[in-house]
Amino acid sequence: MSSKSPAKSSPGSQAGAPTPHQTFLPRADEAARRKHRNLLTHASTRDFTAAHVSNMTEDACYWRFVEMRFGSRTQVTCPDCGAIDKHYYRSDRCQWRCKDCHHTFSITSGTVLHSRKLPFKLILLAIAFFVSGAKGVAGLHTHRLLNVQAKTAFLLNQKIREAISLIRELPPLQGVIELDGGHFGGRPRSGRVRRRPGKDKQVAERIQSQMAAQNAGKPIPKAKPSKANIERLKKRRIVFVLRQHAGLHGLGAVTTRVFVLQAESAAEVRAPIMRSVEPGSTIMSDENAAYTWLSQHFDHHVVNHQLEYSSAAGVNENQAESFFSRLRRYVLGIGHKFEPQYILDYAVEMAWREDCRRQTEGTKTDALTRGLLSSHTSKWRGYFQGRIPSSRTDSVAQG
Ligand SMILES: [Zn+2]
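First, a word on what this report is: a plain description of the structure on this page.

Thresholds applied
- Residues numbered from 1 in each chain as written.
- Predicted model: local features only at pLDDT ≥ 70, side-chain atom pairs only at ≥ 80, totals over all residues.
- Helix = DSSP H or I, 4+ residues; strand = E, 2+ residues; numbered from the N terminus.
- Buried ≥ 20, exposed ≤ 12 C-beta atoms within 10 Å, placed from the backbone.
- Contact = placed C-beta atoms within 7 Å.
- Core = buried A, V, L, I, M, F, W, Y, C linked by C-beta atoms within 7 Å.
- Pairing = 2+ DSSP bridges.

Thoughts on the overall build of the protein
Per the secondary structure count, the protein includes 12 helices and 11 strands. The buried share of the protein, reckoned over its 399 residues, is 29%. Expressed as a percentage of contacts within the protein between residues at least 6 apart in sequence, the contacts between residues at least 24 apart total 69%.

Written out as structure tokens, the structure is:
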């Protein structure tokens with residue numbers, strides 16, 4: 001579990017004990033660590049931002065989309081028959097007519113942006129704005145920035161999240177991997193109220209029945225969860241994360257996989273792990289009973305969170321906690337709540353932000369633009385006509 005409050009210092013991290021991470025990862029040299037640290041503020045990362053978009057014309061934005069989709073302004077691919085040619089172009093309609101099959105198509109035909117009505121400049125601005133947010137972007141923020149309806153802004157952001165899931169490559173994880181589950185969605189449990197037996201009849205009766213059971217040698221009855229808490233837990237889900245280390249200590253994790261599960265149990269976590277991790281890899285987890293079977297297939301190491309964040313041998317799951325921290329900050333500061341069927345979309349977004357944190361703004365903007373222009377029927381298609389996207393399967397949904 002991700003919530004814990006163990007002692008800050010590890011009992012094993014005294015003089016003479018091995019340096020944390022020594023067992024698992026060689027330490028990156030100081031120059032590499034400094035370069036890694038300073039990259040975020042380096043001028044080279046600002047190669048394409050919202051400021052650049054604001055200086056572009058609608059025409060320039062349109063042709064940027066054309067180049068992103070077809071790789072050329074003249075040689076374009078027919079989405080119907082696949083012919084690559086200098087097809088007939090009607091500049092008044094911004095449409096091509098295929099020389100082979102006579103199919104008429106536009107830059108957004110058959111893509112996530114199919115039937116878009118917004119100008120390309122606003123879409124590009126929304127992408128650049130989405131990319132620059134460290135903890136994500138709120139729909140209401142985009143709605144004010146672009147001067148569009150809140151529903152339009154929400155839909156555009158959701159389509160950008162959909163584009164992320166289309167461009168993410170999911171090779172099997174190998175090397176050193178951390179995994180953990182965190183609780184997301186729903187409302188927090190109500191706090192426990194301390195009741196005094198002398199004043200509260202119910203508490204006094206429960207204590208009496210517990211003492212009677214204890215005296216009779218019977219199992220002590222447990223208090224049942226309240227109805228209010230059961231309702232709250234209905235929308236609660238486990239975001240399960242697997243993160244592969246960069247290979248050198250000090251450079252963080254490089255690849256992240258996320259799943260949405262109903263519970264952090266052995267039955268639920270088995271399929272995502274077996275599907276995503278190469279056999280024989282090293283896995284670090286906490287002491288949760290859901291992970292005891294891992295040693296049959298992997299080199300499994302456990303950190304006891306009751307005692308320490310990181311063991312003397314360097315076993316920890318700080319990278320998994322780092323991911324949860326980013327996702328929680330999104331909930332606390334920007335999104336405020338998740339509906340269960342969309343938790344995966346936000347988890348995938350944060351996994352992408354973590355994995356691409358060292359890429360330049362331009363690289364990320366181009367990648368998302370290509371994702372929005374990939375041949376894919378959007379699950380959000382028809383949203384304005386009242387069609388709500390069918391809820392994704394919660395169990396073992398992967399991003
Ligand atoms: Zn064609």
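Structure shown, so let's carry the discussion forward.
Topic: the nonpolar core
Counting 66 residues, the largest nonpolar core has I127, V239, L327 and A347 as the members making the most contacts within it. Once you skip the residues sitting within four places of it in the chain, I127 turns out to touch I160, T365, L368 and T369.

A look at the sheet that holds strand β5 (residues 104–105)
If you walk across this open sheet you meet the three strands as β3-β4-β5, and the pairing is antiparallel. Of all the strands in the sheet, the pair left with one neighbour each is β3 (88–90) and β5. Sheet topology places β3 next to strand β4 (residues 95–97); three bridges connect them, and they run antiparallel. What sits directly across from Y88, in β4, is R97.

Points about unusual backbone geometry
One non-glycine residue with positive phi stands out, namely C94, at about 55°. Following the sequence through the fold, C94 ends up in the loop between β3 and β4. We classify C94 as partly exposed; it has 14 C-beta atoms within 10 Å. With a phi angle near 65°, S115 is a residue other than glycine that sits in the positive phi range.

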